[in-house]
Amino acid sequence: MRKLVVLGKLALAGLLASVLVACGGSEETEQKAQVVEKAETIKWKMVTTWPKNFPGLGTGAESLAKHINEMSGGRLEVKVYAAGELVPALEVFDAVSRGTAEMGHSASYYWKGKVPAAQFFTTVPFGLTSQEFNSWVYYGGGLELWEEIYAPFNLIPMPAGNPGVQMGGWFNKEINSLADFQGLKMRMPGLGGEVLKKLGASPINIPGGEIFTALQSGTIDATEWVGPYNDLAFGLYKSAKYYYYPGWHEPGSAVEAIFNKDAFNALPNDLQAIVRAAVQQANLEMINEYTARNNAALQTLLNEHNVQLKPYPEDLLIALKKASAETLEEVAANDPDSQRVYKSFKAFLDSVTTWQDVSDRAFVNARSLP
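Residues numbered from 1 in each chain as written. Predicted model: local features only at pLDDT ≥ 70, side-chain atom pairs only at ≥ 80, totals over all residues. Heavy atoms only, no water.

Participant: Just to check I follow, could you spell out the overall build of the chain for this structure?
Facilitator: When you go through the chain residue by residue, the secondary structure sums to 14 helices and 11 strands. Looking at the 370 residues of the chain, the share that counts as buried comes to 48%. Of all intrachain contacts in the chain linking residues separated by at least 6 positions in sequence, the fraction that spans at least 24 positions is 77%. Summing over all exposed atoms, the chain offers an accessible surface of approximately 17300 Å²; the carbon and sulfur share of this is 55%. (Helix = DSSP H or I, 4+ residues; strand = E, 2+ residues; numbered from the N terminus. Buried < 20%, exposed > 50% of the residue type's maximum accessible area, 1.4 Å probe, protein only. Contact = heavy atoms within 4.5 Å. Areas by Shrake-Rupley, 256 points an atom, 1.4 Å probe, with all protein chains shown as cover.)

Following this line, the structure appears as structure tokens:
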């Protein structure tokens, strides 16, 4: 089929050139037609951190590739590789940096060991929601900082999705006080994991595809992943029954698309614009999908699998917020790039909160009235 399409394009280009010449077309026009005739499909590889066809995240990567393929008219063809198919889940950053793949689909807090400031571009405990994060990135200077932080690694980052506010996590025991975190082995990456460490827990960073086995075997005592839509798909309810909210650690977790800078800059300008537009479309699609699907999945967990849904006690959340603020200040103090990013992030959070108090928060509270 591909051969027929290519032959068709070549025949069309040849016919166009003949017609233009016969009609007295200029030499320049004929040369342009010959360029069309010689054009070849650019083929890219996208490596991801997600299991193959995993709802929301894995399918989000597939959707992004589909958008690029279709919007470019087949001129840029992206093939998606799930975690482990081409590189391990947590080696996406390095693979794209060195050019093993032209692009990746992951979350920036997985790279905090290489780039401490990167974790601010996924999520911050008690920080920005998905909508607020997008506003900071596109209109508050966040994207420019993100690009600066990644530039030394030959990478170009873009926000490519967000599942929204996450759940607090799955536990094998009730969590009633800070003492319950002592010695707890919990899967939690990024800044949230640093907060747990401050409280005496042992944060463990493992990719999504390994969570169920680790929880079932006792390698970890608790885990957070995303929310009902993804947690149901992973079957986490089979290994833990206490399901806590809210996700204080991840109020809006940005998924990133990263591009090898050399590969991206080699694209003609129109294909670069198409890639950026496709990423923005994927970014919008993901939060819409999670908002639509999370409640149905939550009802299944509660009604069919007898999961015990529990809120974190308010005094515990207050303590977690205090520990989070201390952690952020410490991370920023130990790394100049983190300090620059945190300063921008915090300034935007402080400013947007004033508006949110009289807009979204006030409306949601009013909507809940009898």
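Participant: How do you make sense of the sheet that holds strand β3 (residues 103-106) when you look at a structure like this?
Facilitator: Through backbone hydrogen bonds, the strands of a sheet pair up, either in parallel or in antiparallel fashion. The strand order β2-β1-β3-β10-β4 describes an open sheet built from five strands, whose pairing is mixed. Because the sheet does not close on itself, it has two edges, and the strands there are β2 (76-81) and β4 (155-161). Each strand of the sheet is rotated relative to its neighbour by a mean of 25°, with strand direction disregarded. Looking at chain direction, strand β1 (residues 42-48) and β2 are connected through six bridges and run parallel. Pairing of Ile42 across the sheet is with Leu76, part of β2. (Pairing = 2+ DSSP bridges. Axes fitted to C-alpha atoms, helices over the stretch in contact; angles between N-to-C directions.)

Participant: I'm lost on the pairing of β1 in this one. Help?
Facilitator: Looking along a regular strand, one sees the side chains alternate between the two faces of the sheet. Traced from β1 through helix α3 (residues 58-71) to β2, the parallel crossover comes out right-handed. Note: β1 against β3, three bridges, orientation parallel. When the bridges of β3 are listed, Met46 appears paired with Met103. (Right-handed = clockwise from strand over helix to strand, strands pointing away.)

Participant: Before we go on, may I ask you to explain the nonpolar core in this structure?
Facilitator: Side chains that are nonpolar tend, in soluble globular proteins, to be buried together. Leu57, Trp136, Tyr150 and Trp225 are the most contacted members of the largest nonpolar core, which has 64 residues in total. The dominant element in this core, judged by the number of residues it contributes, is helix α13 (residues 336-358), at six residues. For Leu57, the contacting residues outside a window of four places in its chain are Trp50, His105, Trp225, Val226, Asn230, Val255, Met286 and Tyr290. (Core = buried A, V, L, I, M, F, W, Y, C linked by side-chain atoms within 4.5 Å.)

Participant: Teacher, can you tell me more about the packing of helix α12 (residues 314-333) against α13 here?
Facilitator: Two numbers describe a pair of packed helices, the interaxial angle and the distance between the axes. In contact at an axis separation of 6 Å, α12 and α13 are set at 135° when each is read in the N-to-C sense. Taken together, the axes of α12 and α13 lie oblique to each other. Where α12 abuts α13, its residues Leu328, Glu329, Val331 and Ala332 lie against Ser338, Gln339 and Tyr342. Here the residues of the contact of α12 with α13 are counted per class, giving four nonpolar, two polar and one charged. (Parallel < 35°, antiparallel > 145°, perpendicular 65-115°, else oblique. Nonpolar A, V, L, I, M, F, W, Y, C, P; charged D, E, K, R; others polar.)

Participant: I would appreciate a short explanation of unusual backbone geometry in the present structure.
Facilitator: Comment: phi is negative for the bulk of residues other than glycine, and the bulk of peptide bonds are trans. Here the amide bond leading from Tyr245 into Pro246 is cis, since omega sits at 0°, within 30 degrees of zero. Within the secondary structure layout, Pro246 lies in the loop between β9 (242-245) and β10 (255-260). One non-glycine residue, Asn53, adopts positive backbone phi at about 60°. One can find Asn53 in the loop between β1 and α3.

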